[in-house]
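Below are the chains, spelled out letter by letter.
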Amino acid sequence: MSLPIEEPLKSELLRGVLGRCPHCGKGHMFRAFLKVADRCDACGEELFHHQADDFPAYLVIVLVGHVIVALVLWAEATRAFSAWSEMVVFLPLTVLLSLALLQPFKGAVVAMQWRMGMHGFGAARRAALAHTSAK
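Residues numbered from 1 in each chain as written. Predicted model: local features only at pLDDT ≥ 70, side-chain atom pairs only at ≥ 80, totals over all residues. Heavy atoms only, no water.

S.K.: Break down the packing of helix α2 (residues 55-78) against helix α3 (residues 83-116) for me, citing the residues and quoting the values.
M.R.: The relative placement of two packed helices is expressed as an angle between their axes plus a distance between the axes. One can describe the packing of α2 onto α3 by two numbers: an axis separation of 8 Å at closest approach and a directional angle of 150 degrees. Classified by the interaxial angle, the pair formed by α2 and α3 is roughly antiparallel. Relative to α3, the crossing made by α2 is right-handed. (Axes fitted to C-alpha atoms, helices over the stretch in contact; angles between N-to-C directions. Helix = DSSP H or I, 4+ residues; strand = E, 2+ residues; numbered from the N terminus. Parallel < 35°, antiparallel > 145°, perpendicular 65-115°, else oblique. Left-handed = near helix turned anticlockwise from the far one by under 90°.)

S.K.: Quick one: what's the story with unusual backbone geometry, residue by residue and with numbers?
M.R.: Although it is not a glycine, Asp53 adopts a positive phi angle of roughly 50 degrees. By the secondary structure assignment, Asp53 is in the loop between α1 (9-17) and α2. Take Asp53: its relative accessible area is 63%, and that puts it in the exposed class. Despite not being glycine, Arg79 has its phi angle at roughly 55 degrees, a positive value. Note on placement: Arg79 falls in the loop between α2 and α3. Here Arg79 falls in the exposed class, since its relative accessible area comes to 71%. (Buried < 20%, exposed > 50% of the residue type's maximum accessible area, 1.4 Å probe, protein only.)

Set out below in structure tokens:
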């Protein structure tokens, strides 16, 4: 069963990337760094249905891996750094990029699950859409 869609996908994904509720965009999605809140503190939307699991980490690994490997290959080809300075530059850069991207990617995955009505979000979405279409 497909759900009627009211907002563009990019606005809901952007809300997730920013750590906001995918429904209202005002409440916080996270109660800790990677812990999704049970409910939105602004609109009460239930967020505990998500099953993001390891998918955000896989996405971050793929993206950061491609960026860092490209930079290391460039540094090796141009001989811009010594081996020691490559480790000093690229290891912290890898850790910082991974930590910086993990929460936004998890927010986007939860927002996508909410949008698609996956893992229990479907009943909540149908009720919310029925309520807004009745107005």
